[in-house]
Amino acid sequence: MGAYVLNRVLQLIPVLWLISVIVFAVMHILPGDPAALMLAGAEGGAVTPQRLDELREEMGLNDPLLVQYGRFLGNALIGDLGTSVRFRTEVTGLVLERFPSTLELAISGLFVALLIGVPLGMIAAVRQNTWVDATAMSISYVGASMPIYFLGLVLILLFAFNLRWLPAAGSEGWDSLILPAVTLGFVSAGLISRLVRSSLIEVLGEDYIRTSRAKGLVERIVLSRHALRNALIPVITIVGLQFGNMLAGAVVTETVFSRPGLGRLTVNAILSKDYPLVQGCVLFLATAYLLVNLMVDIAYAWLDPRIRYGK
Amino acid sequence: MTPPATTEAGEINADAGGTPRWIRRYVKNKGAVFGAVMLGGWILVALFAPWIMPHDPYETLGMARQPPSDMFWFGTDLLGRDLFSRVLLGSRVSLQVGLISVALGAVPGVLMGLFAGYFGGTIDTLISRFVDAMLAFPSILLALIIIASLGPSLQNVMIAVGIGTIPQYARLVRGSVLSVKSLTYVEAARVVGNRPMRIMFRHVLANAYAPVVVLSTLQVGNAILVGSGLSFLGLGAQPPIPEWGLMSAEGRDVLRRAWWISTFPGIAILSVVVACNLVGDGLRSALDPRMRVDG
């Protein structure tokens, strides 16, 4: 197990490096002058050539690309992601300040996704090819095809404006988290329920299930103790991938519900052309996503020993 | 009827005489037929939108925020424009986003997969490493930085969403190529003296096209979804384009008093994406039952 973990951690290093290259390359090689964009965004209108050149020098944009990249990587490694143009403060501070709110949203979204997705898939599998199955799968289908902002707006309309049960916006109190979490979780619930269904159907056809039924176990025990336990293993891998969806969805969800998170910070940074902030946010989110997937992989290997020895 | 073909992907071309087997399998699937009808309906709407729109979608016609009525079926928006006409015209924008983004991702992705799989060696290693790195990166983040450097617009959304789908195509095609590369008929094509390019495109790619079609159909729905989300955030289509995500965003602040402004465009998106997904899944099980991936 120790060797497996070490191996996975080591594998992470080149991927992280490549991601820093991609982020840097996209931001610096694609057309568009960061300094000009920043001046236009920050100081509005009149951009003098001198001011532009000063800023280019200040930002190190006149140096060769490789030197720029080296500086970017070196600073990022010690946690320095540069200075935001709009907020005039350290990007790292801004990111860390907003991250807990996004993490809270992503975790509760994942919780909702599992809370809806797993039972939905189970019911569909147990009642395979009946109207129950068809209904459950239709719900999951709609969930997976739903624009996240639209679901958010519908939920606000229903539960905040008409029924007045929950707040429509903000981030104070636990009740303000419910609608965003459901919005975010529902899409993934669709995918998870389909996976649980097919995985459980496969497991239910296994010999050991027939054996446990044959020896007279109650169906409930067969399901909970033998079938579900094995059926849920593949679900764990998708949970890590779903965390990426959660981050993506958080960008939209935070805007719909006016939550001050990292997603909204990123979008506002793009809209206000705050280059260093965009770069920092994306790098941070990508790293968070990789680390979550690393943890999921380790959990998976721990649950399923075949993985550890497979490779 | 000739006996059913047993080759891997050759089934599509099986009994060329009658209705192809995959079509017969497809029409047995109720969901897939429903999806095809719905998607067909939207394509017709997109094609004929200018002629079936009851009003000018760009012109202020009456009071702003009028609820749905006989005159304005979906009501009017913030500027008093007819929402129904705007939703109809919006189908053009969305289908365009779906098709162009997918083309932008599929063409380079398929080529990369083809070269990696066919030539192997260093080319394969380089392409595969690149693909792995892209897959390790949530595609929305890639889309966000691309838009950050190109600037928010509908065109840049298509580029950003398209680039994000490249690795999936590359990986898919590489796999298919590897599975047929050493088969006898490819060997034969080489022995007869065909050039590598011709073998790749005429013989090897022909066997990978079914999964590419399936992936593309599903990707059209996904691209529409992601694209409209980006427009909702203000990073894509700019006013006065009747883009569904942007229209939903325009109605967001008046949701309490004018629910219809956000709701109808939202329903439109949902129905197009459901249709694409139903068709994609239907094709997947019709073209190759073993290709079924649940989840």
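Residues numbered from 1 in each chain as written. Chains lettered and ligands numbered in written order. Predicted model: local features only at pLDDT ≥ 70, side-chain atom pairs only at ≥ 80, totals over all residues. Heavy atoms only, no water.

### Thoughts on the overall build of chain A
Just so we agree on the cut-off: Secondary structure counts use DSSP, requiring at least four H or I residues in a row for a helix and at least two E residues in a row for a strand, with both numbered from the N terminus. Burial status follows relative accessibility: with a 1.4 Å probe on protein chains alone, a residue under 20% of its type maximum counts as buried, one over 50% as exposed, and anything between as partly exposed. The contact criterion used is simple: two residues touch if any of their non-hydrogen atoms lie within 4.5 Å.
When its secondary structure is counted, chain A shows 14 helices and zero strands. Each helix (α) and strand (β) of chain A, taken in turn from the N terminus, gives the series α-α-α-α-α-α-α-α-α-α-α-α-α-α. Each principal axis of the C-alpha distribution contributes one length, and for chain A these read about 85 × 55 × 30 Å. Here chain A, with 311 residues, has 49% of them falling under the buried criterion. Across chain A, the fraction of contacts at a sequence separation of at least 24, relative to all contacts at a separation of at least 6, is 72%.

### Details of the overall build of chain B
Inclusion rule: Per-residue accessibility takes into account occlusion by the displayed protein chains alone, with areas from the Shrake-Rupley method and a 1.4 Å probe.
Scanning chain B for helices and strands turns up 11 helices and zero strands. The secondary structure elements of chain B, listed N-terminal to C-terminal, are α-α-α-α-α-α-α-α-α-α-α. Split into buried and exposed, the 295 residues of chain B put 53% on the buried side. Of the accessible surface of chain B, which amounts to about 13200 Å², a share of 65% is contributed by carbon and sulfur atoms.

### Things to note about the pattern of salt bridges
A side chain with one charge may pair with a side chain of the opposite charge, provided their charged atoms come close. Threshold: Here a salt bridge means any side-chain nitrogen of Lys or Arg lying within 4 Å of a carboxyl oxygen belonging to Asp or Glu.
Taken as a whole, this structure holds 13 salt bridges over all chains when the rule is applied. The partner of B:Asp77 in a salt bridge is B:Arg81, with the nearest N and O atoms 3.0 Å apart. Accessibility classification places B:Asp77 together with B:Arg81 in one group, the buried group. With a shortest N-O distance of 3.9 Å, B:Glu187 and B:Arg190 are connected by a salt bridge. Residue B:Glu187 and its partner B:Arg190 are located together in helix α7 (residues 184-191), separated by three residues, close to a single helical turn. Judged by relative accessible area, B:Glu187 falls into the partly exposed class, the value being 37%. Under the relative-accessibility criterion, B:Arg190 is labelled partly exposed at 37%. Each of A:Arg194, B:Asp281 and B:Arg284 takes part in one network of salt bridges that share partners.

### Structural notes on the packing of aromatic side chains
Condition: Only Phe, Tyr and Trp rings are paired, with Trp represented by its six-membered ring, and only when their centres lie within 6.5 Å; those with planes under 30 degrees apart are stacked, over 60 edge-to-face, the remainder tilted. We call a charge positioned over a ring when the NZ of a Lys or the CZ of an Arg lies within 6 Å of the ring centre and within 35 degrees of the ring normal.
Under the definition given, this model contains 15 aromatic pairs over all chains. Ring plane angle 50° and centroid distance 4.9 Å describe the contact between B:Trp73 and B:Phe84, whose orientation is recorded as tilted. Here B:Trp73 is found in the loop between α2 (30-52) and α3 (83-119), whereas its partner B:Phe84 is found in helix α3, with 11 residues between them in sequence. A cation over a ring is seen here: B:Arg256 above A:Phe161, with NZ or CZ 4.1 Å from the ring centre.

### Points about the confidence of the model for chain B
Residue and element names in this part refer to chain B. This is how it is decided: For every residue, the pLDDT score states the predictor's confidence, bounded by 0 at the bottom and 100 at the top.
Per-residue confidence for chain B gives a mean pLDDT of 85, with 92% of residues at or over 70. When mean pLDDT is compared element by element in chain B, α3 scores highest at 93, while helix α8 (residues 196-204) scores lowest at 82. Here the predicted complex carries an ipTM of 0.85, next to a pTM of 0.87.

### Quick word on the interface of chain A and chain B
The condition that has to hold: Summed over both partners, the accessible area lost on bringing two parts together, with a 1.4 Å probe, is the buried area.
Facing 44 residues of chain A, the contacting portion of chain B comprises 44 residues. Around 3900 Å² of area is buried between chain A and chain B when both sides are counted, 78% of it from carbon and sulfur atoms. When the buried surface of chain A facing chain B is broken down by residue, A:Tyr141, A:Tyr149 and A:Ile270 rank first, second and third, together holding 16% of it. If you look at where chain A meets chain B, you find one salt bridge.

### Quick notes on the environment of B:Ser248
Inspection of the secondary structure assignment puts B:Ser248 in helix α10 (residues 244-252). Dropping the residues within four chain positions of it, B:Ser248 is found in contact with A:Tyr149, A:Leu153, B:Phe232, B:Ser262, B:Pro265 and B:Gly266.

### A short note on the environment of A:Val296
Residue and element names in this part refer to chain A. Its place among the elements puts Val296 in helix α13 (residues 275-303). Overall, Val296 belongs to the buried group, its relative accessible area being 11%. Distance from Val296 to Leu241, taken between C-alpha atoms, is 9.1 Å for residues 55 residues apart in sequence. Discounting residues that sit within four places of it in the chain, Val296 has contacts with Ile236, Thr237 and Gly240.

### Digging into the packing of α3(B) against helix α11 (residues 260-287) of chain B
All names here are of chain B. Put simply, the test is: The axes used here are C-alpha line fits, helices contributing only the stretch in contact, and every angle between their N-to-C directions lies in the interval 0 to 180 degrees. Crossing handedness is defined as follows: a turn of the near helix away from the far one that is anticlockwise and smaller than a right angle gives a left-handed crossing, while the clockwise case is right-handed. Amino acid classes used here: Ala, Val, Leu, Ile, Met, Phe, Trp, Tyr, Cys and Pro are nonpolar; Asp, Glu, Lys and Arg are charged; the rest, including Gly, are polar.
For the pair α3 and α11, the least separation of the axes is 10 Å and the interaxial angle reads 35°. Seen from above, α3 lies across α11 with right-handed handedness. Taken together, the residues of α11 that come into contact with α3 (itself represented by Leu83, Val87, Ser94 and Leu95) are Trp260, Ile261, Phe264, Pro265, Ala268, Ile269 and Val272. Grouping the amino acids of the contact of α3 with α11 by side-chain chemistry returns 10 nonpolar, one polar and no charged.

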